[in-house]
Amino acid sequence: MPKSKSRLAIVPLGGVGEIGKNMTLYWYGNDMIVVDAGLKFPEEEMLGVDIVIPDITFLVENKEKVRGIFVTHGHEDHIGGLPYILKTLNVPVYGTRLTLGLIENKLKEHNLLDTVKMHIIGDNQQIQAGVFSVEYFYVNHSIPDTVGFAIHTPEGLVVHTGDFKFDQTPVDGRQADLQKLAGYGSQGVLALVADSTNAERPGFTPSEKSVGKTIDHLVAQAPGRIILSTFASNIHRVQQVITAAERYGRKVAIVGRSMVNNIQTSIQLGYLNVLPSTLIDVDEIGRMDPDKVLILSTGSQGEPMSALTRMARSAHRKVEIMPGDTVILASHPIPGNEKFISRTIDQLFKAGANVIYQGVHVSGHGSQEELKLMINLTRPKYFLPVHGEFRMQRTHANLAIDLGVDPDNIFITELGDVVEFEGDRARFGGKVPAGTVMIDGLGVGDVGNIVLRDRKLLSQDGILVVVVTLSKTSGTILSGPDIISRGFVYVRESEALLDEATKLVESTLVRMVSDNISEWSSLKTAVRDTLGRYLYEQTRRRPMILPIIMEA
Ligand SMILES: [Zn+2]
Ligand SMILES: [Zn+2]
(Lines give C-alpha, C1' and ligand atoms only; values in the text may rest on other atoms or scores of the structure.)
(Ligands and ions follow the chains in the order given, each with its own letter.)
Protein backbone atom coordinates (compact mmCIF):
# COMPACT_ATOMS: atom_id res chain seq x y z
CA MET A 1 0.00 0.00 0.00
CA PRO A 2 1.35 3.46 -0.88
CA LYS A 3 2.51 5.72 1.98
CA SER A 4 0.68 8.95 2.72
CA LYS A 5 3.49 11.28 1.76
CA SER A 6 3.01 14.73 0.29
CA ARG A 7 1.72 14.00 -3.14
CA LEU A 8 -1.71 14.05 -4.68
CA ALA A 9 -3.38 10.71 -5.31
CA ILE A 10 -6.53 10.13 -7.32
CA VAL A 11 -8.09 6.73 -6.62
CA PRO A 12 -11.28 5.48 -8.30
CA LEU A 13 -13.13 3.33 -5.73
CA GLY A 14 -16.10 2.78 -8.04
CA GLY A 15 -17.35 3.59 -11.53
CA VAL A 16 -14.37 2.40 -13.60
CA GLY A 17 -14.65 -0.77 -15.63
CA GLU A 18 -18.34 -0.64 -14.84
CA ILE A 19 -21.44 1.53 -15.06
CA GLY A 20 -22.61 2.47 -11.58
CA LYS A 21 -21.45 2.88 -7.95
CA ASN A 22 -19.34 5.91 -8.74
CA MET A 23 -16.84 6.97 -6.13
CA THR A 24 -13.48 8.71 -6.43
CA LEU A 25 -10.98 9.42 -3.67
CA TYR A 26 -8.72 12.50 -3.68
CA TRP A 27 -5.88 12.22 -1.21
CA TYR A 28 -3.06 14.53 -0.18
CA GLY A 29 -0.98 13.86 2.95
CA ASN A 30 -3.36 13.75 5.89
CA ASP A 31 -6.42 14.84 3.96
CA MET A 32 -8.91 12.90 1.89
CA ILE A 33 -12.09 13.92 0.14
CA VAL A 34 -14.47 11.67 -1.72
CA VAL A 35 -16.54 12.56 -4.80
CA ASP A 36 -19.86 10.65 -5.02
CA ALA A 37 -20.97 7.45 -3.29
CA GLY A 38 -23.20 5.55 -5.67
CA LEU A 39 -24.82 2.18 -5.95
CA LYS A 40 -25.19 -0.29 -8.75
CA PHE A 41 -27.88 -2.86 -9.44
CA PRO A 42 -26.78 -6.48 -9.10
CA GLU A 43 -25.62 -8.55 -12.03
CA GLU A 44 -27.64 -11.60 -13.03
CA GLU A 45 -25.41 -14.05 -11.17
CA MET A 46 -25.76 -12.14 -7.89
CA LEU A 47 -28.84 -14.11 -6.91
CA GLY A 48 -31.09 -12.37 -4.40
CA VAL A 49 -28.77 -9.41 -3.96
CA ASP A 50 -30.67 -6.10 -3.78
CA ILE A 51 -27.95 -3.57 -4.51
CA VAL A 52 -24.18 -3.26 -4.78
CA ILE A 53 -22.02 -0.48 -3.29
CA PRO A 54 -18.28 0.28 -3.37
CA ASP A 55 -15.95 -1.38 -0.88
CA ILE A 56 -14.84 1.43 1.46
CA THR A 57 -12.37 -0.57 3.57
CA PHE A 58 -9.58 1.83 2.65
CA LEU A 59 -11.60 4.91 3.66
CA VAL A 60 -12.58 3.31 6.96
CA GLU A 61 -8.91 2.48 7.67
CA ASN A 62 -8.18 6.19 7.11
CA LYS A 63 -11.30 7.49 8.87
CA GLU A 64 -9.59 10.40 10.60
CA LYS A 65 -8.32 11.76 7.27
CA VAL A 66 -11.65 11.90 5.42
CA ARG A 67 -12.90 15.53 5.36
CA GLY A 68 -16.12 15.04 3.45
CA ILE A 69 -18.08 13.54 0.58
CA PHE A 70 -18.84 15.87 -2.34
CA VAL A 71 -21.82 14.80 -4.41
CA THR A 72 -22.25 15.83 -8.05
CA HIS A 73 -25.97 15.08 -8.50
CA GLY A 74 -28.94 13.11 -7.24
CA HIS A 75 -28.80 9.94 -9.36
CA GLU A 76 -28.64 6.57 -7.59
CA ASP A 77 -25.28 5.70 -9.16
CA HIS A 78 -23.89 8.78 -7.33
CA ILE A 79 -25.86 8.99 -4.05
CA GLY A 80 -27.36 5.50 -3.58
CA GLY A 81 -24.49 4.16 -1.47
CA LEU A 82 -24.50 7.10 0.95
CA PRO A 83 -26.86 5.72 3.63
CA TYR A 84 -24.77 2.54 3.97
CA ILE A 85 -21.44 4.33 3.81
CA LEU A 86 -22.40 7.10 6.26
CA LYS A 87 -23.26 4.44 8.84
CA THR A 88 -19.58 3.47 9.08
CA LEU A 89 -18.01 6.71 7.90
CA ASN A 90 -19.93 9.65 9.30
CA VAL A 91 -18.44 12.63 7.45
CA PRO A 92 -20.05 15.85 6.16
CA VAL A 93 -21.83 15.69 2.81
CA TYR A 94 -21.57 18.60 0.37
CA GLY A 95 -23.80 19.20 -2.65
CA THR A 96 -26.35 21.42 -4.32
CA ARG A 97 -29.86 22.04 -2.99
CA LEU A 98 -31.88 19.49 -4.95
CA THR A 99 -29.18 16.82 -4.58
CA LEU A 100 -29.15 17.23 -0.81
CA GLY A 101 -32.97 17.26 -0.80
CA LEU A 102 -33.00 13.85 -2.50
CA ILE A 103 -30.29 12.56 -0.14
CA GLU A 104 -32.39 13.75 2.79
CA ASN A 105 -35.27 11.49 1.67
CA LYS A 106 -32.87 8.54 1.73
CA LEU A 107 -31.37 9.38 5.10
CA LYS A 108 -34.87 9.65 6.54
CA GLU A 109 -35.65 6.10 5.42
CA HIS A 110 -32.45 4.91 7.12
CA ASN A 111 -32.98 6.99 10.29
CA LEU A 112 -29.77 8.89 9.70
CA LEU A 113 -31.10 12.41 9.26
CA ASP A 114 -30.07 13.58 12.74
CA THR A 115 -26.56 12.19 12.64
CA VAL A 116 -25.34 13.36 9.24
CA LYS A 117 -24.12 16.90 8.57
CA MET A 118 -25.10 18.24 5.15
CA HIS A 119 -23.87 21.47 3.58
CA ILE A 120 -25.33 23.20 0.57
CA ILE A 121 -22.58 24.56 -1.66
CA GLY A 122 -23.38 28.02 -2.94
CA ASP A 123 -22.64 29.29 -6.43
CA ASN A 124 -18.99 30.43 -6.56
CA GLN A 125 -18.44 29.26 -2.99
CA GLN A 126 -15.09 27.69 -2.15
CA ILE A 127 -15.35 24.86 0.36
CA GLN A 128 -12.15 24.28 2.32
CA ALA A 129 -11.69 20.59 3.17
CA GLY A 130 -8.23 20.01 4.61
CA VAL A 131 -5.74 21.10 1.96
CA PHE A 132 -8.40 20.89 -0.72
CA SER A 133 -10.45 23.82 -1.86
CA VAL A 134 -13.51 22.79 -3.85
CA GLU A 135 -15.98 24.74 -5.97
CA TYR A 136 -18.56 23.57 -8.43
CA PHE A 137 -19.32 24.32 -12.05
CA TYR A 138 -22.82 23.74 -13.39
CA VAL A 139 -23.41 21.15 -16.13
CA ASN A 140 -26.48 19.85 -17.96
CA HIS A 141 -27.73 16.35 -17.20
CA SER A 142 -30.97 14.40 -16.88
CA ILE A 143 -31.65 15.76 -13.38
CA PRO A 144 -31.49 19.42 -12.31
CA ASP A 145 -28.78 20.88 -10.07
CA THR A 146 -26.01 18.68 -11.50
CA VAL A 147 -22.48 19.96 -11.03
CA GLY A 148 -18.88 18.98 -11.55
CA PHE A 149 -16.10 19.98 -9.16
CA ALA A 150 -12.97 22.08 -9.56
CA ILE A 151 -10.66 20.74 -6.87
CA HIS A 152 -7.71 22.94 -5.99
CA THR A 153 -4.88 20.81 -4.60
CA PRO A 154 -1.29 21.60 -3.63
CA GLU A 155 -0.21 19.89 -6.87
CA GLY A 156 -2.60 21.87 -9.07
CA LEU A 157 -6.19 22.07 -10.21
CA VAL A 158 -8.22 18.94 -10.93
CA VAL A 159 -11.50 19.14 -12.86
CA HIS A 160 -13.93 16.32 -12.03
CA THR A 161 -16.85 16.47 -14.48
CA GLY A 162 -19.37 14.09 -12.96
CA ASP A 163 -22.13 13.15 -15.43
CA PHE A 164 -22.62 15.90 -18.00
CA LYS A 165 -23.87 16.98 -21.38
CA PHE A 166 -23.88 20.40 -22.98
CA ASP A 167 -27.49 21.31 -23.72
CA GLN A 168 -27.75 24.61 -25.60
CA THR A 169 -31.48 24.85 -24.90
CA PRO A 170 -31.93 23.40 -21.40
CA VAL A 171 -35.52 22.98 -20.17
CA ASP A 172 -34.91 25.18 -17.10
CA GLY A 173 -32.88 27.73 -19.09
CA ARG A 174 -29.81 27.10 -16.96
CA GLN A 175 -26.72 26.76 -19.14
CA ALA A 176 -23.60 24.80 -18.27
CA ASP A 177 -20.78 26.99 -16.87
CA LEU A 178 -18.73 27.05 -20.06
CA GLN A 179 -16.96 30.25 -18.97
CA LYS A 180 -15.82 28.69 -15.68
CA LEU A 181 -14.49 25.66 -17.54
CA ALA A 182 -12.62 27.84 -20.03
CA GLY A 183 -11.30 29.84 -17.07
CA TYR A 184 -9.86 26.68 -15.49
CA GLY A 185 -8.28 25.89 -18.85
CA SER A 186 -6.47 29.20 -18.96
CA GLN A 187 -5.39 28.92 -15.27
CA GLY A 188 -3.95 25.50 -16.10
CA VAL A 189 -5.57 22.17 -15.29
CA LEU A 190 -3.38 19.42 -13.89
CA ALA A 191 -5.89 16.64 -14.55
CA LEU A 192 -9.33 16.11 -16.00
CA VAL A 193 -11.44 13.25 -14.58
CA ALA A 194 -14.35 12.82 -17.00
CA ASP A 195 -17.56 10.87 -17.67
CA SER A 196 -17.12 8.24 -20.43
CA THR A 197 -20.70 6.86 -20.64
CA ASN A 198 -21.33 7.98 -24.24
CA ALA A 199 -17.74 7.96 -25.50
CA GLU A 200 -18.76 5.53 -28.24
CA ARG A 201 -21.48 7.81 -29.65
CA PRO A 202 -20.48 10.22 -32.40
CA GLY A 203 -21.90 13.72 -32.63
CA PHE A 204 -23.80 15.71 -30.05
CA THR A 205 -26.50 14.40 -27.68
CA PRO A 206 -29.78 16.13 -28.62
CA SER A 207 -31.35 18.66 -26.28
CA GLU A 208 -33.87 17.48 -23.69
CA LYS A 209 -36.20 20.04 -25.28
CA SER A 210 -36.52 17.79 -28.35
CA VAL A 211 -38.17 15.17 -26.11
CA GLY A 212 -40.55 17.91 -24.95
CA LYS A 213 -41.64 18.49 -28.54
CA THR A 214 -42.35 14.79 -29.06
CA ILE A 215 -44.29 14.59 -25.81
CA ASP A 216 -46.29 17.70 -26.71
CA HIS A 217 -47.20 16.14 -30.04
CA LEU A 218 -48.27 12.84 -28.47
CA VAL A 219 -50.32 14.51 -25.74
CA ALA A 220 -52.06 16.71 -28.33
CA GLN A 221 -53.15 13.70 -30.38
CA ALA A 222 -53.94 10.96 -27.85
CA PRO A 223 -57.67 10.14 -27.99
CA GLY A 224 -58.19 8.78 -24.47
CA ARG A 225 -56.21 8.54 -21.28
CA ILE A 226 -52.44 8.89 -21.36
CA ILE A 227 -50.21 6.86 -19.10
CA LEU A 228 -46.67 8.13 -19.33
CA SER A 229 -43.75 6.45 -17.65
CA THR A 230 -40.26 7.90 -17.27
CA PHE A 231 -37.32 7.95 -14.85
CA ALA A 232 -38.60 9.44 -11.59
CA SER A 233 -35.49 11.58 -11.22
CA ASN A 234 -35.72 13.18 -14.66
CA ILE A 235 -37.38 16.32 -13.40
CA HIS A 236 -36.78 18.17 -16.69
CA ARG A 237 -38.80 15.52 -18.52
CA VAL A 238 -41.47 15.45 -15.82
CA GLN A 239 -41.70 19.23 -16.21
CA GLN A 240 -42.25 18.90 -19.95
CA VAL A 241 -44.93 16.25 -19.42
CA ILE A 242 -46.75 18.46 -16.92
CA THR A 243 -46.47 21.51 -19.19
CA ALA A 244 -47.94 19.52 -22.09
CA ALA A 245 -50.77 18.22 -19.89
CA GLU A 246 -51.59 21.75 -18.77
CA ARG A 247 -51.52 23.03 -22.37
CA TYR A 248 -54.06 20.44 -23.53
CA GLY A 249 -56.31 20.57 -20.48
CA ARG A 250 -55.36 17.31 -18.82
CA LYS A 251 -55.07 16.73 -15.09
CA VAL A 252 -52.09 14.76 -13.83
CA ALA A 253 -52.19 11.88 -11.36
CA ILE A 254 -48.88 10.55 -10.06
CA VAL A 255 -48.38 6.89 -9.21
CA GLY A 256 -45.32 5.06 -7.89
CA ARG A 257 -43.52 5.91 -4.66
CA SER A 258 -40.27 7.27 -6.12
CA MET A 259 -42.19 9.43 -8.62
CA VAL A 260 -44.36 10.88 -5.83
CA ASN A 261 -41.33 11.53 -3.59
CA ASN A 262 -39.15 13.13 -6.27
CA ILE A 263 -41.95 15.35 -7.54
CA GLN A 264 -42.81 16.46 -4.01
CA THR A 265 -39.21 17.35 -3.21
CA SER A 266 -38.77 19.15 -6.54
CA ILE A 267 -41.92 21.23 -6.10
CA GLN A 268 -40.95 22.12 -2.52
CA LEU A 269 -37.47 23.24 -3.57
CA GLY A 270 -38.70 25.11 -6.61
CA TYR A 271 -37.34 22.86 -9.35
CA LEU A 272 -40.75 22.01 -10.82
CA ASN A 273 -43.47 24.43 -11.87
CA VAL A 274 -46.96 22.99 -11.57
CA LEU A 275 -50.28 24.85 -11.48
CA PRO A 276 -52.02 24.09 -8.17
CA SER A 277 -55.06 22.69 -10.01
CA THR A 278 -53.08 20.29 -12.22
CA LEU A 279 -52.32 17.51 -9.79
CA ILE A 280 -55.17 15.21 -8.84
CA ASP A 281 -55.43 12.14 -6.69
CA VAL A 282 -55.39 8.86 -8.52
CA ASP A 283 -58.80 8.04 -6.97
CA GLU A 284 -60.34 10.89 -8.99
CA ILE A 285 -59.45 9.60 -12.43
CA GLY A 286 -62.46 7.25 -12.60
CA ARG A 287 -64.82 10.24 -12.47
CA MET A 288 -63.10 12.12 -15.29
CA ASP A 289 -63.33 12.04 -19.07
CA PRO A 290 -60.50 9.86 -20.39
CA ASP A 291 -59.12 12.66 -22.57
CA LYS A 292 -58.73 14.90 -19.51
CA VAL A 293 -56.38 12.53 -17.71
CA LEU A 294 -52.64 11.93 -17.76
CA ILE A 295 -51.14 9.41 -15.36
CA LEU A 296 -47.45 9.88 -14.65
CA SER A 297 -45.98 6.62 -13.51
CA THR A 298 -42.81 4.80 -12.53
CA GLY A 299 -41.87 1.53 -14.21
CA SER A 300 -40.22 2.64 -17.44
CA GLN A 301 -37.66 -0.14 -16.89
CA GLY A 302 -40.31 -2.85 -16.56
CA GLU A 303 -39.31 -3.34 -12.90
CA PRO A 304 -41.49 -6.22 -11.67
CA MET A 305 -43.00 -4.36 -8.70
CA SER A 306 -43.37 -0.93 -10.32
CA ALA A 307 -46.69 0.83 -10.92
CA LEU A 308 -46.71 0.45 -14.71
CA THR A 309 -45.81 -3.25 -14.61
CA ARG A 310 -48.60 -3.89 -12.13
CA MET A 311 -51.05 -2.00 -14.35
CA ALA A 312 -49.89 -4.07 -17.33
CA ARG A 313 -50.73 -7.34 -15.59
CA SER A 314 -53.96 -5.96 -14.08
CA ALA A 315 -52.53 -6.04 -10.58
CA HIS A 316 -52.62 -2.32 -9.77
CA ARG A 317 -55.12 -1.40 -7.08
CA LYS A 318 -56.24 1.86 -8.68
CA VAL A 319 -55.46 1.94 -12.39
CA GLU A 320 -56.59 -0.62 -14.94
CA ILE A 321 -55.44 -0.41 -18.56
CA MET A 322 -58.34 -0.17 -21.01
CA PRO A 323 -58.77 0.00 -24.77
CA GLY A 324 -58.21 3.55 -25.96
CA ASP A 325 -55.39 4.23 -23.48
CA THR A 326 -52.12 5.54 -24.85
CA VAL A 327 -49.09 4.34 -22.91
CA ILE A 328 -45.87 6.28 -23.51
CA LEU A 329 -42.52 4.94 -22.34
CA ALA A 330 -40.40 8.09 -22.27
CA SER A 331 -37.21 6.23 -21.50
CA HIS A 332 -34.55 3.93 -22.79
CA PRO A 333 -33.84 0.41 -21.51
CA ILE A 334 -30.91 0.32 -19.12
CA PRO A 335 -28.81 -2.67 -20.32
CA GLY A 336 -30.11 -5.83 -18.66
CA ASN A 337 -33.72 -4.62 -18.42
CA GLU A 338 -34.74 -5.30 -22.04
CA LYS A 339 -36.55 -8.57 -21.23
CA PHE A 340 -38.65 -7.00 -18.47
CA ILE A 341 -39.56 -4.07 -20.69
CA SER A 342 -40.65 -6.15 -23.68
CA ARG A 343 -42.81 -8.32 -21.43
CA THR A 344 -44.50 -5.21 -20.02
CA ILE A 345 -45.04 -3.75 -23.51
CA ASP A 346 -46.64 -7.01 -24.70
CA GLN A 347 -48.98 -7.08 -21.72
CA LEU A 348 -49.97 -3.45 -22.31
CA PHE A 349 -50.80 -4.15 -25.96
CA LYS A 350 -52.82 -7.23 -24.91
CA ALA A 351 -54.81 -5.08 -22.51
CA GLY A 352 -55.81 -2.94 -25.49
CA ALA A 353 -53.51 0.06 -25.07
CA ASN A 354 -51.60 1.79 -27.83
CA VAL A 355 -48.01 1.68 -26.67
CA ILE A 356 -45.34 4.16 -27.78
CA TYR A 357 -41.99 2.91 -26.62
CA GLN A 358 -39.42 4.35 -28.98
CA GLY A 359 -38.15 7.82 -29.75
CA VAL A 360 -39.28 9.58 -26.57
CA HIS A 361 -35.89 9.84 -24.93
CA VAL A 362 -32.49 11.50 -25.18
CA SER A 363 -29.44 10.68 -23.12
CA GLY A 364 -28.26 12.79 -20.19
CA HIS A 365 -24.64 12.12 -21.10
CA GLY A 366 -22.60 14.01 -23.64
CA SER A 367 -21.57 12.31 -26.90
CA GLN A 368 -18.12 12.49 -28.50
CA GLU A 369 -18.30 16.14 -29.60
CA GLU A 370 -19.28 17.24 -26.09
CA LEU A 371 -16.54 15.12 -24.52
CA LYS A 372 -14.09 16.79 -26.90
CA LEU A 373 -15.43 20.21 -25.98
CA MET A 374 -14.83 19.45 -22.30
CA ILE A 375 -11.22 18.47 -23.03
CA ASN A 376 -10.66 21.53 -25.26
CA LEU A 377 -12.12 23.92 -22.70
CA THR A 378 -10.09 22.62 -19.78
CA ARG A 379 -6.90 21.66 -21.69
CA PRO A 380 -5.70 19.22 -19.01
CA LYS A 381 -2.13 17.97 -18.76
CA TYR A 382 -3.29 14.57 -17.49
CA PHE A 383 -6.49 12.77 -18.33
CA LEU A 384 -8.45 10.08 -16.47
CA PRO A 385 -11.52 8.73 -18.28
CA VAL A 386 -13.92 7.31 -15.65
CA HIS A 387 -17.63 6.44 -15.34
CA GLY A 388 -17.80 3.64 -17.90
CA GLU A 389 -16.91 0.14 -18.94
CA PHE A 390 -13.31 -0.40 -20.03
CA ARG A 391 -14.09 0.02 -23.74
CA MET A 392 -15.76 3.37 -23.06
CA GLN A 393 -12.75 4.55 -21.03
CA ARG A 394 -10.45 3.39 -23.88
CA THR A 395 -12.54 5.15 -26.56
CA HIS A 396 -12.64 8.31 -24.44
CA ALA A 397 -8.84 8.13 -24.09
CA ASN A 398 -8.52 7.87 -27.88
CA LEU A 399 -10.64 11.00 -28.29
CA ALA A 400 -8.28 12.84 -25.96
CA ILE A 401 -5.26 11.63 -27.95
CA ASP A 402 -6.90 12.96 -31.15
CA LEU A 403 -7.12 16.35 -29.45
CA GLY A 404 -3.43 16.34 -28.62
CA VAL A 405 -3.29 14.96 -25.08
CA ASP A 406 -0.02 13.03 -24.68
CA PRO A 407 -0.87 9.28 -24.61
CA ASP A 408 1.64 8.86 -21.76
CA ASN A 409 -0.42 11.33 -19.71
CA ILE A 410 -3.61 9.30 -19.90
CA PHE A 411 -4.48 6.87 -17.12
CA ILE A 412 -7.12 4.22 -17.78
CA THR A 413 -7.77 3.06 -14.24
CA GLU A 414 -9.28 0.00 -12.61
CA LEU A 415 -10.91 -0.05 -9.18
CA GLY A 416 -8.38 0.84 -6.48
CA ASP A 417 -5.62 2.05 -8.82
CA VAL A 418 -3.65 4.92 -7.31
CA VAL A 419 -2.60 7.65 -9.74
CA GLU A 420 0.04 9.84 -8.06
CA PHE A 421 0.89 13.42 -8.94
CA GLU A 422 4.08 14.99 -7.64
CA GLY A 423 6.08 17.92 -9.00
CA ASP A 424 4.15 18.02 -12.26
CA ARG A 425 4.72 14.33 -12.93
CA ALA A 426 2.19 11.53 -12.68
CA ARG A 427 2.40 7.74 -12.45
CA PHE A 428 0.58 4.66 -11.29
CA GLY A 429 1.41 4.19 -7.61
CA GLY A 430 0.05 0.78 -6.65
CA LYS A 431 -3.38 -0.21 -5.48
CA VAL A 432 -5.59 0.18 -2.42
CA PRO A 433 -8.34 -2.30 -1.43
CA ALA A 434 -11.41 -1.71 -3.59
CA GLY A 435 -14.28 -3.72 -5.01
CA THR A 436 -17.85 -4.65 -4.43
CA VAL A 437 -20.04 -4.93 -1.33
CA MET A 438 -23.36 -6.68 -1.86
CA ILE A 439 -26.44 -5.71 0.11
CA ASP A 440 -29.27 -8.17 0.68
CA GLY A 441 -32.08 -7.02 2.94
CA LEU A 442 -30.49 -5.69 6.12
CA GLY A 443 -27.18 -7.44 5.51
CA VAL A 444 -24.34 -5.26 4.25
CA GLY A 445 -21.44 -7.31 2.94
CA ASP A 446 -22.44 -10.59 4.61
CA VAL A 447 -23.34 -12.15 1.27
CA GLY A 448 -20.08 -13.19 -0.33
CA ASN A 449 -18.89 -15.74 -2.86
CA ILE A 450 -19.72 -18.74 -0.67
CA VAL A 451 -23.32 -17.65 -0.12
CA LEU A 452 -23.70 -16.89 -3.82
CA ARG A 453 -22.28 -20.30 -4.75
CA ASP A 454 -24.89 -21.98 -2.52
CA ARG A 455 -27.67 -19.87 -4.00
CA LYS A 456 -26.53 -20.84 -7.46
CA LEU A 457 -26.55 -24.55 -6.55
CA LEU A 458 -29.99 -24.23 -4.98
CA SER A 459 -31.30 -22.45 -8.06
CA GLN A 460 -30.03 -25.22 -10.34
CA ASP A 461 -31.23 -28.52 -8.87
CA GLY A 462 -32.85 -27.66 -5.56
CA ILE A 463 -32.15 -29.08 -2.10
CA LEU A 464 -32.71 -32.28 -0.12
CA VAL A 465 -32.65 -32.19 3.66
CA VAL A 466 -32.06 -35.54 5.35
CA VAL A 467 -33.05 -35.62 9.04
CA VAL A 468 -32.20 -38.55 11.29
CA THR A 469 -32.06 -39.04 15.07
CA LEU A 470 -29.48 -41.44 16.54
CA SER A 471 -29.37 -42.86 20.04
CA LYS A 472 -26.62 -41.30 22.13
CA THR A 473 -25.79 -44.59 23.82
CA SER A 474 -26.10 -47.23 21.14
CA GLY A 475 -25.85 -45.15 17.95
CA THR A 476 -28.90 -46.87 16.48
CA ILE A 477 -31.50 -44.98 14.49
CA LEU A 478 -34.30 -43.73 16.75
CA SER A 479 -36.28 -41.86 14.11
CA GLY A 480 -35.99 -41.11 10.40
CA PRO A 481 -34.32 -40.80 8.08
CA ASP A 482 -36.82 -38.29 6.73
CA ILE A 483 -36.13 -36.66 3.40
CA ILE A 484 -37.53 -33.23 2.66
CA SER A 485 -37.03 -31.87 -0.82
CA ARG A 486 -37.54 -28.42 -2.34
CA GLY A 487 -37.01 -27.55 -5.96
CA PHE A 488 -35.59 -31.01 -6.79
CA VAL A 489 -38.49 -33.20 -7.95
CA TYR A 490 -42.27 -32.99 -7.78
CA VAL A 491 -42.69 -35.00 -4.59
CA ARG A 492 -46.12 -36.48 -5.36
CA GLU A 493 -44.83 -38.09 -8.51
CA SER A 494 -41.52 -39.17 -7.08
CA GLU A 495 -42.51 -41.26 -4.08
CA ALA A 496 -40.68 -44.34 -5.34
CA LEU A 497 -37.47 -42.44 -5.87
CA LEU A 498 -37.60 -40.80 -2.45
CA ASP A 499 -38.52 -44.12 -0.73
CA GLU A 500 -35.52 -45.77 -2.33
CA ALA A 501 -33.34 -42.80 -1.28
CA THR A 502 -34.58 -43.10 2.31
CA LYS A 503 -33.75 -46.83 2.42
CA LEU A 504 -30.30 -46.10 1.04
CA VAL A 505 -29.57 -43.52 3.75
CA GLU A 506 -30.81 -45.93 6.39
CA SER A 507 -28.66 -48.85 5.22
CA THR A 508 -25.61 -46.56 4.94
CA LEU A 509 -26.03 -45.36 8.52
CA VAL A 510 -26.71 -48.87 9.88
CA ARG A 511 -23.57 -50.19 8.21
CA MET A 512 -21.40 -47.37 9.56
CA VAL A 513 -22.75 -47.65 13.08
CA SER A 514 -22.06 -51.40 13.06
CA ASP A 515 -18.51 -50.58 11.94
CA ASN A 516 -18.26 -48.31 15.02
CA ILE A 517 -17.99 -45.11 12.98
CA SER A 518 -19.80 -42.43 14.94
CA GLU A 519 -18.26 -39.01 14.21
CA TRP A 520 -20.92 -36.84 12.70
CA SER A 521 -18.71 -35.46 9.99
CA SER A 522 -18.00 -38.97 8.61
CA LEU A 523 -21.67 -39.93 8.83
CA LYS A 524 -22.71 -36.76 7.02
CA THR A 525 -20.12 -37.16 4.29
CA ALA A 526 -21.21 -40.76 3.72
CA VAL A 527 -24.89 -39.78 3.48
CA ARG A 528 -24.07 -36.94 1.10
CA ASP A 529 -21.86 -39.10 -1.15
CA THR A 530 -24.09 -42.18 -1.33
CA LEU A 531 -27.28 -40.23 -1.81
CA GLY A 532 -25.69 -37.83 -4.30
CA ARG A 533 -24.42 -40.71 -6.45
CA TYR A 534 -27.77 -42.51 -6.37
CA LEU A 535 -29.82 -39.41 -7.24
CA TYR A 536 -27.49 -38.49 -10.09
CA GLU A 537 -27.80 -42.03 -11.53
CA GLN A 538 -31.57 -41.86 -11.33
CA THR A 539 -32.18 -38.25 -12.41
CA ARG A 540 -28.97 -36.71 -13.80
CA ARG A 541 -29.49 -33.90 -11.28
CA ARG A 542 -27.24 -32.76 -8.48
CA PRO A 543 -29.36 -31.20 -5.73
CA MET A 544 -27.70 -29.77 -2.67
CA ILE A 545 -27.87 -32.44 0.10
CA LEU A 546 -28.03 -31.27 3.67
CA PRO A 547 -27.80 -34.10 6.27
CA ILE A 548 -29.01 -33.17 9.76
CA ILE A 549 -28.08 -35.69 12.45
CA MET A 550 -29.55 -35.33 15.92
CA GLU A 551 -28.80 -37.28 19.09
CA ALA A 552 -31.30 -38.34 21.70
ZN1 LIG B 1 -26.35 10.85 -13.62
ZN1 LIG C 1 -23.87 8.51 -13.43
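Residues numbered from 1 in each chain as written. Chains lettered and ligands numbered in written order. Predicted model: local features only at pLDDT ≥ 70, side-chain atom pairs only at ≥ 80, totals over all residues. Heavy atoms only, no water.

**Q** How would you summarise the overall build of the protein if you had to cite specific residues and measurements?
**A** Along the backbone of the protein there are 15 helices and 26 strands. Expressed as lengths along the three principal axes of its C-alpha atoms, the size of the protein is roughly 90 × 70 × 45 Å. Here the analysis covers contacts within the protein between residues at least 6 apart in sequence; of these, 72% occur between residues at least 24 apart. Summed over its atoms, the accessible surface of the protein is roughly 24600 Å², and 50% of this surface lies on carbon and sulfur atoms. Here the protein contributes 56 positively and 64 negatively charged side chains, and the mean placements of these two sets differ by 1 Å. (Helix = DSSP H or I, 4+ residues; strand = E, 2+ residues; numbered from the N terminus. Contact = heavy atoms within 4.5 Å. Areas by Shrake-Rupley, 256 points an atom, 1.4 Å probe, with all protein chains shown as cover. Lys, Arg positive; Asp, Glu negative; His and termini not counted. Charge placed at Lys NZ, Arg CZ, Asp CG, Glu CD.)

**Q** With reference to specific residues and values, describe the coordination of the zinc ion (ligand 1).
**A** Distances from the zinc ion (ligand 1) to its protein donors, namely His-73 (NE2), His-75 (ND1), His-141 (NE2) and Asp-163 (OD), fall within the range 2.1 to 2.3 Å. Its four donor atoms give the zinc ion (ligand 1) angles of 92 to 166° at the centre, a pattern that matches the irregular case. When the donors of the zinc ion (ligand 1) are listed by position in the chain, the intervening gaps give H-x1-H-x65-H-x21-D. Here the zinc ion (ligand 1) and the zinc ion (ligand 2) are spaced 3.4 Å apart, linked through Asp-163, which binds each one. Of the two residues, His-75 sits in the loop between strand 5 (66-70) and helix 2 (76-79) while Asp-163 sits in the loop between strand 11 (156-160) and helix 5 (178-187), which places them 88 residues apart along the sequence. (Donors = N, O, S within 2.8 Å, 3.2 Å for Na, K, Ca; no water. Tetrahedral: all angles 85-135°; square planar, octahedral: opposite > 155°, others 65-115°.)

**Q** Tell me about the environment of Ser-522, residues and numbers included.
**A** Mapped onto the elements of the fold, Ser-522 is located in helix 15 (residues 520-539). Residue Ser-522 is classed as partly exposed on the basis of its relative accessible area of 24%. Distance from Ser-522 to Leu-546, taken between C-alpha atoms, is 14 Å for residues 24 residues apart in sequence. Among residues more than four places away in sequence, those in contact with Ser-522 are Met-512 and Ile-517. (Buried < 20%, exposed > 50% of the residue type's maximum accessible area, 1.4 Å probe, protein only.)

**Q** Give me the lowdown on the coordination of the zinc ion (ligand 2), citing residues and values where you can.
**A** Binding of the zinc ion (ligand 2) to the protein goes through Asp-77 (OD), His-78 (NE2), Asp-163 (OD) and His-387 (NE2), at separations of 2.1 to 2.3 Å. Coordination at the zinc ion (ligand 2) comes from four donor atoms whose angles at the metal span 91 to 156°, giving a geometry best classed as irregular. Residue class for Asp-163 comes out buried when judged on its relative accessible area of 1%. Take His-387: its relative accessible area is 5%, and that puts it in the buried class.

**Q** An account of the pairing of strand 17 (residues 326-329) is requested, with residue identities and associated values reported.
**A** Residue alternation in strand 17 divides its side chains into two sets, Thr-326 and Ile-328 and Val-327 and Leu-329, and both sets are buried. The sheet contact formed by strand 13 (residues 226-229) and strand 17 spans four bridges and is parallel. In the strand pairing of strand 17, Leu-228 is matched with Ile-328. In the sheet, strand 17 pairs with strand 18 (residues 354-356) via three bridges, with the strands oriented parallel. Bridge pairing in strand 18 links Val-327 to Val-355. For the handedness criterion, the β-α-β arrangement of strand 17, helix 10 (residues 338-350) and strand 18 is classed as right-handed. (Pairing = 2+ DSSP bridges. Right-handed = clockwise from strand over helix to strand, strands pointing away.)

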